[in-house]
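Inside the fold
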Amino acid sequence: MEFLLQTNKYIVGHHLSKTRFFPTIQYWLADHPNIQNFSWKQGETPGSSLLFLSLTVISYLSLTYLFSHTTLISCSRRFLKSLTAIHSLILLSLSFVMSLGCTLCIILIAPNVDYLICFPQKTPPTGPLFFWAYIFYISKIYEFMDTLLIILSNSTRRLTFLHVYHHATVVVMCYISLHTSQSMFPGVLVTNAAVHVIMYFYYFLCALGIRPKWKKIVTDCQILQFFSSFGIMGLIFYYHFTGQGCSGISGWWFDAVFITSLLLLFLDFHAKTYSKKKITKEN
């Protein structure tokens with residue numbers, strides 16, 4: 001089985017290397033010196049200190065509460081839609097690049113599927129996979145802009161506990177994953193970024209005045225992502241206790257609680273939102 005996986009990986013890599021644009025894409029998303037030589041160093045890499053993380057999360061929660069209870073300068077509807085469209089386009093593009101870059105690095109670097117599921121213990125957070133994990137971490141801080149746009153639009157109905165809890169806690173999860181060199185992170189990054197491509201494309205269209213009818217698909221994809229994360233976590237748990245151990249198992253416990261809570265909140269949101277719409281249509 002492992003031989004077949006190695007062979008398939010070689011065939012895929014050999015086929016990609018013949019593509020005209022692949023060398024350029026590979027260089028900028030995998031082979032660039034800044035990517036190859038990346039290293040997460042506690043207190044040295046920008047945003048890597050515990051103080052930075054604490055101040056970031058506390059500032060987000062404090063400012064969200066303050067701004068949501070204060071009358072801000074009103075923005076014109078047209079300006080707000082333009083700002084939302086630009087913001088969504090930035091995150092759509094960034095999510096696509098992160099998903100593509102991390103997937104490419106997985107193909108080029110991972111010796112087998114087992115490595116993706118379970119990094120060897122004491123794996124240092126260095127190299128291309130952790131570079132994209134770092135970009136993912138920074139992108140989650142930039143996503144705080146989502147909350148500001150909701151507040152500026154005076155749409156307090158959308159400023160739910162789920163929204164604020166999700167945005168604040170996912171930054172902590174990313175930090176812990178980098179700090180502990182967590183095994184499951186590449187898979188989570190790729191699936192989450194792929195879902196965000198769909199989600200921010202939806203928001204981009206809405207900002208342009210186009211209201212797609214597939215909003216429910218966005219929530220379904222998010223819920224499916226959480227279920228896939230449970231599958232990955234289960235594999236890590238199995239590999240860790242039946243083999244020589246996996247890197248980042250200490251962060252596994254935080255992720256297990258966080259993803260479980262998110263799944264329950266999203267299922268509750270899904271039930272309340274779409275069951276109400278169904279009842280309204282029937283009436």
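Each value, and the rule that gives it
- Residues numbered from 1 in each chain as written.
- Predicted model: local features only at pLDDT ≥ 70, side-chain atom pairs only at ≥ 80, totals over all residues.
- Heavy atoms only, no water.
- UniProt positions renumbered as here; feature names shortened; annotations may be inferred.
- Axes fitted to C-alpha atoms, helices over the stretch in contact; angles between N-to-C directions.
- Helix = DSSP H or I, 4+ residues; strand = E, 2+ residues; numbered from the N terminus.
- Parallel < 35°, antiparallel > 145°, perpendicular 65-115°, else oblique.
- Left-handed = near helix turned anticlockwise from the far one by under 90°.
- Contact = heavy atoms within 4.5 Å.
- Buried < 20%, exposed > 50% of the residue type's maximum accessible area, 1.4 Å probe, protein only.
- Lys, Arg positive; Asp, Glu negative; His and termini not counted.
- Salt bridge = Lys/Arg side-chain N within 4 Å of Asp/Glu carboxyl O.

- The heading Subcellular location (unreviewed entry) in the UniProt record of the chain holds the text "Membrane".

Digging into the packing of helix 7 (residues 128-142) against helix 9 (residues 161-179)
- In contact at an axis separation of 9 Å, helix 7 and helix 9 are set at 160° when each is read in the N-to-C sense. Overall, the two elements helix 7 and helix 9 adopt an arrangement that is roughly antiparallel. Where helix 7 crosses over helix 9, the two elements pack in a sense that is left-handed. Facing helix 7, whose interface residues are Phe130, Ala133, Tyr134, Phe136, Tyr137, Lys140 and Ile141, helix 9 presents Val170, Val171, Cys174, Tyr175 and Leu178.

Points about the side chain of aspartate 146
- Structurally, aspartate 146 can be placed in helix 8 (residues 145-152).
- Despite being buried, aspartate 146 has no salt bridge partner; arginine 158 is the closest side chain of opposite charge, sitting 7.7 Å away.

Brief notes about unusual backbone geometry
- Its identity as a non-glycine residue notwithstanding, lysine 122 has a phi of 65°, on the positive side.
- With relative accessibility at 82%, the residue lysine 122 sits in the exposed group.

A closer look at the UniProt feature "transmembrane region" (unreviewed entry) in the chain
- Under the feature "transmembrane region" (unreviewed entry), the UniProt entry names residues 50-68, 89-110, 130-152, 159-178, 184-205, 217-239 and 251-271.
- What you have in residues 217-239 is 100% helix and 0% strand, and the ends, taken at the C-alpha atoms, are 33 Å apart.
- As annotated, residues 251-271 has a helix share of 100% and a strand share of 0%, and its two end C-alpha atoms lie 30 Å apart.

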